[in-house]
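Residue strings, one per chain:
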Amino acid sequence: MERIYISDYFDLEKIALSGQCFRVKRFEDETYRFIKGDRILYMKQLSEHEYQVSCGQKEWNEFWEDYFDLPRQYSKICDKTRGENDFIQSAAEYSKGIRVLHQDPWEMLITFIISQRKNIPAITKSVEALSQKYGHPIRTEYEIVHTFPTPMEMQSAVEEELSDCSLGYRIPYVLDAVSKVMSGSMDLKAMELLDDETLFRELVKVHGVGKKVANCVRLFGYGRTACVPIDVWIDRAIQEECGGCDPFTMYGEEAGIVQQFVFYYKRNQER
């Protein structure tokens with residue numbers, strides 16, 4: 001175990017409940033588990049700025065700092081929200097500690113396809129079922145974790161098996177994504193080099209991927225933080241709190257981060 005220091009806003013619970021990741025697990029001792037690909041991190045807060053992590057310093061510096069978007073100062077983003085819009089300012093203050101995670105594009109594509117017309121517990125259940133069925137196991141000191149399945153691990157998936165994961169009408173969408181990646185007509189790695197608009201156009205070629213899902217994949221899978229996914233909570237915030245005017249345009253390249261603050265705040269306000 002390694003001890004690391006994080007000076008910027010960082011809240012494990014808020015990150016886990018922020019609606020962008022569906023496989024974070026909280027243990028009774030307040031340790032949190034994060035997964036990206038075959039890498040698994042266990043992390044626990046020790047004091048205001050000190051954390052215990054299950055990886056070495058080198059892996060933390062080279063992999064997990066980027067995953068948690070730590071090179072970016074979120075305190076400065078929160079400062080920018082002050083005085084512009086009372087609702088946005090309140091949302092940023094309430095949501096301090098959320099980070100926009102740099103997650104795997106393939107996992108984001110499939111999980112946000114699954115997310116359509118599902119609440120977060122239902123999404124989590126389906127994503128976990130998919131991982132158990134097709135992912136490969138990794139044993140840790142806490143548990144046996146099944147990774148999120150790669151396109152290759154899902155290439156033989158059939159409708160009946162996917163139905164067991166409660167995917168419903170989304171099954172053809174998932175199968176189309178698998179087919180496009182396995183055939184080479186969609187290269188998720190090469191798409192990292194595309195500009196935001198071209199990336200969007202490539203993502204919506206997948207059956208069932210519309211504007212909201214594509215923007216979630218751009219934001220959470222490709223780190224395109226200017227992208228603002230509009231779901232029911234964000235639309236409600238725009239209409240009810242901002243007079244129908246999109247408030248995110250004023251935040252430029254950080255608009256998607258501010259969107260996460262608003263999503264978390266609005267959703268928790270109305271629960």
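Data block above holds the structure.
Residue positions are given per chain, counted from 1 along the sequence in the order it is written. It should be noted that, the model being predicted, local features are given only for residues of pLDDT at least 70 and side-chain atom pairs only at 80 or more, the latter also being counted only at that level, while totals for whole chains, interfaces and linings use all residues. The side-chain numbers reported here are obtained from all heavy atoms of the structure, hydrogens and water having been left aside.

Engineer: Would you mind showing me how to read the packing of helix α5 (residues 105–114) against helix α6 (residues 120–134) here?
Structural biologist: The description of two packed helices rests on the angle between their axes and on the distance between the axes. Axis definition: a line fitted to C-alpha atoms, limited for helices to the stretch in contact. Angles are taken between N-to-C directions and run from 0 to 180 degrees. Put simply, DSSP H or I for four residues or longer makes a helix, DSSP E for two residues or longer makes a strand, and each gets a number counted from the N terminus. Two elements in contact, α5 and α6, have axes whose closest approach is 9 Å; the angle formed by their N-to-C orientations is 130°. Viewed along their axes, α5 and α6 adopt a mutual orientation that is oblique. Along this stretch, α5 crosses α6, giving a crossing that reads as right-handed. In this structure, α5 uses Ile110, Thr111 and Ile114 to contact α6, whose residues at the interface are Ile123, Ser126, Val127 and Leu130. Polar here means any residue outside two lists: the nonpolar Ala, Val, Leu, Ile, Met, Phe, Trp, Tyr, Cys and Pro, and the charged Asp, Glu, Lys and Arg; Gly therefore counts as polar. By residue class, the composition of the contact of α5 with α6 is 5 nonpolar, 2 polar and no charged. Angular relationships are summarised with four words: roughly parallel below 35 degrees, roughly antiparallel beyond 145, roughly perpendicular across 65 to 115, and oblique for the angles in between. Note on convention: near helix rotated counterclockwise from far helix by under a right angle means a left-handed crossing. Clockwise means right-handed. Contacts: residue pairs with any heavy atoms within 4.5 Å of one another.

Engineer: Just checking my understanding: could you explain the pairing of strand β4 (residues 39–45) for this structure?
Structural biologist: Consecutive side chains along a regular strand alternate between the two faces of the sheet. Paired strands are those between which DSSP finds at least two bridges. In this sheet, β4 lies alongside strand β3 (residues 32–36) in antiparallel orientation, the contact comprising 5 bridges. Looking at the pairing, Phe34 lines up with Leu41 of β4. Here β3 hands over to β4 after 2 residues, with Gly37 in that stretch at a positive phi of 65°. Note: β4 against strand β5 (residues 50–53), 3 bridges, orientation antiparallel. By the bridge assignment, Met43 is partnered in β5 with Val53. Hairpin remark: β4 followed by β5, antiparallel, with 4 residues in the connecting loop.

Engineer: For this particular structure, what's the right way to read the layout of surface pockets?
Structural biologist: It is a probe the size of a water molecule, rolled over the atoms, that shows where empty space is left. Both site types are read off a 1 Å grid over the protein atoms alone. A 1.4 Å probe that fits but cannot get out defines a cavity, while an open set with protein on both sides within 12 Å along at least five of seven lines defines a pocket; lining residues have an atom within 4 Å of a point. Grid points are joined across faces, edges and corners, and a volume is the space filled by probe spheres set on the points. Size it by volume and the largest pocket reaches roughly 360 Å³. Forming the boundary of the largest pocket are 23 residues, of which Ile120, Lys212, Asp231, Trp233 and Phe263 lie nearest the centre. The element that contributes the greatest number of residues to the lining of the largest pocket is helix α12 (residues 255–269), accounting for 4 residues. Partitioned by chemical class, the residues of the lining of the largest pocket number 11 nonpolar, 6 polar and 6 charged. Taken as a whole, the second largest pocket spans an internal volume of roughly 300 Å³. Lining the second largest pocket are 16 residues, with Asp104, Pro105, Trp106, Thr150 and Pro151 positioned closest to its centre.

Engineer: Can you walk me through the pattern of salt bridges in this structure?
Structural biologist: Close approach of charged atoms allows side chains with opposite charge to pair. The term salt bridge refers to a side-chain nitrogen of Lys or Arg lying within 4 Å of a carboxyl oxygen of Asp or Glu. All chains considered together, the criterion is met by 20 salt bridges. Across the pair Lys96 and Glu93 runs a salt bridge, and its minimum N-O distance is 3.0 Å. Burial classification: accessible surface area is computed with a 1.4 Å probe over protein chains only, and a residue below 20% of its type maximum counts as buried, one above 50% as exposed, and the rest as partly exposed. Owing to a relative accessible area of 21%, Lys96 belongs among the partly exposed residues under this scheme. Residue classification places Glu93 among the partly exposed residues on the basis of a relative accessible area of 43%. Ionic pairing is found between Asp164 and Lys133, a salt bridge with its closest N-O pair at 3.8 Å. A residue pair is termed long-range when its members are at least 10 positions apart, and Asp164 in the loop between α7 (159–163) and α8 (171–183) and Lys133 in helix α6 qualify at 31 residues. Look at Lys133 and you get partly exposed, because its relative accessible area is 39%. Here the residues in one salt-bridge network are Asp79, Arg82, Glu93 and Lys96, joined through shared partners.

Engineer: What should I look at first to understand the state of the cysteines in this one?
Structural biologist: Each disulfide consists of one covalent bond between the sulfur atoms belonging to two cysteines. By convention in this document, the label disulfide applies to cysteine sulfur atom pairs within 2.5 Å. This model, assessed by the stated rule, comprises 0 disulfides. Considering cysteine sulfurs only, Cys245 is the nearest to Cys242, which forms no disulfide, with 8.2 Å between them. Among the residues examined, Cys242 registers a relative accessible area of 13% and is labelled buried.

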